[in-house]
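Next come the chains, spelled out residue by residue.
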Amino acid sequence: MTALRILAEAAWPDPEARGPEQLPPLPGFSASSFNPLVAETAERCLRARHGAAPAPGRTALLLASASGDLATARAIEEAAADTARRMPPLLFFQSNPNAVLGHIAARWGLTGPVVAICPDRPPPPGRVPQDALDLAELLLADGDADQVLVIAAEQAERTDRDADGTDRAVALLVTTA
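In this report, the structure presented in the accompanying data block is examined. (Residues numbered from 1 in each chain as written. Predicted model: local features only at pLDDT ≥ 70, side-chain atom pairs only at ≥ 80, totals over all residues. Heavy atoms only, no water.)

**As for the overall build of the protein chain**
Line of reasoning, step 1. Helix and strand content of the protein chain: five helices and five strands.
Line of reasoning, step 2. Overall, the protein chain shows an N-to-C arrangement of helices and strands of β-α-β-α-α-α-β-α-β-β.
Line of reasoning, step 3. Put simply, the protein chain has 177 residues, and 43% of those count as buried.
Line of reasoning, step 4. Residue pairs at least 24 apart in sequence account for 75% of intrachain contacts in the protein chain once pairs closer than 6 positions are excluded.
Line of reasoning, step 5. Surface exposure of the protein chain reaches about 9200 Å², of which carbon and sulfur atoms provide 53%. (Helix = DSSP H or I, 4+ residues; strand = E, 2+ residues; numbered from the N terminus. Buried < 20%, exposed > 50% of the residue type's maximum accessible area, 1.4 Å probe, protein only. Contact = heavy atoms within 4.5 Å. Areas by Shrake-Rupley, 256 points an atom, 1.4 Å probe, with all protein chains shown as cover.)

Next up, the structure:
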């Protein structure tokens, strides 16, 4: 396979931020920080390369998450267990990881493939799993995209927090070298 060239990168939280950051709300998504996490990290990466939307060229979107949207899964489970409560339809919509990718694609005018994967092993915080990089290479080699926005996102378990209890994501905009 050919090597990838990084065109831009971004992270949540920003390692250079001077204080705690708050994820901006994402209209149409509720009950969870996962989708705002993915959208904000993608936004930062695309802005670093292209400035304002839209992005030129054919860009594929690839989301890798070992755990997925834990808070939405928990909210669906709780709503399903409560037979007296009606299941909020929005939870079903946002439980599909491609939903937030569709939002990003529409906002930025991205026209490449949209893919979500669960890597074999979660990477260390701030790293993109090798499975995602390998798939990005395949998407580029296939000719359906000129660049790939690869996002790796993990939501912090609210019951078993990592060192600081922070959701983490990293995004790389890549092309072939």
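**Examining the nonpolar core**
Line of reasoning, step 1. Counting residues in hydrophobic clusters, the biggest one holds 29 residues, and the most contacted among them are Val 38, Val 100, Leu 101, Ile 104, Leu 110, Leu 149 and Ile 151.
Line of reasoning, step 2. Per element, the largest residue contribution to this core is seven residues, and it comes from helix 1 (residues 34–50).
Line of reasoning, step 3. Not counting the four nearest positions on each side in its chain, Leu 149 is found in contact with Ala 42, Cys 45, Leu 46, Thr 59, Ala 60, Leu 61, Leu 62, Ala 171, Leu 172 and Leu 173.
Line of reasoning, step 4. Counting residues in each nonpolar core, the second largest holds 16 residues, with Leu 62, Val 150, Ala 152 and Val 170 among its members. (Core = buried A, V, L, I, M, F, W, Y, C linked by side-chain atoms within 4.5 Å.)

**Observations concerning the environment of Val 150**
Line of reasoning, step 1. As for its position among the elements, Val 150 is in strand 4 (residues 147–154).
Line of reasoning, step 2. With relative accessibility at 0%, the residue Val 150 sits in the buried group.
Line of reasoning, step 3. In this structure the C-alpha to C-alpha distance between Val 150 and Ala 136, which are 14 residues apart in sequence, comes to 7.3 Å.
Line of reasoning, step 4. Residues contacting Val 150, with those up to four places away along its chain left out, are Leu 62, Val 128, Ala 132, Ala 136, Val 170, Ala 171, Leu 172 and Val 174.

**Regarding the sheet that holds strand 4**
Line of reasoning, step 1. Spatial ordering of the open sheet is given by 1-5-4-2-3, a layout of five strands whose pairing is mixed. Edge strands, defined here as strands with exactly one partner in the open sheet, are strand 1 (4–12) and strand 3 (114–117). If you compare each strand with its neighbour and ignore which way they point, the axes differ by 15° on average.
Line of reasoning, step 2. Sheet topology places strand 4 next to strand 5 (residues 168–176); seven bridges connect them, and they run antiparallel. Following the sheet pairing, Leu 149 is matched in strand 5 by Leu 173.
Line of reasoning, step 3. Against the sheet, helix 4 (residues 98–108) touches strand 2 (59–64), strand 3 and strand 4, its axis set at about 150° to strand 3.
Line of reasoning, step 4. Running over the sheet, helix 5 (residues 130–142) touches strand 1, strand 2, strand 3, strand 4 and strand 5 and is turned about 160° from strand 4. (Pairing = 2+ DSSP bridges. Axes fitted to C-alpha atoms, helices over the stretch in contact; angles between N-to-C directions.)

**A word on the pairing of strand 5**
Line of reasoning, step 1. With seven of its nine residues buried, strand 5 lies for the most part within the structure.
Line of reasoning, step 2. Note that strand 1 and strand 5 share eight bridges and pair antiparallel. Bridged to Leu 4 within strand 5 is Thr 176.

**Focus on unusual backbone geometry**
Line of reasoning, step 1. Here the residue pair Trp 12 and Pro 13 is connected by a cis peptide bond, since its omega of -5° sits within 30 degrees of zero.
Line of reasoning, step 2. Relative to the elements of secondary structure, Pro 13 occurs in the loop between strand 1 and helix 1.
Line of reasoning, step 3. Residue Ala 53 is joined to Pro 54 through a cis peptide bond whose omega torsion reads 5°.
Line of reasoning, step 4. If you trace the backbone, Pro 54 turns up in the loop between helix 1 and strand 2.

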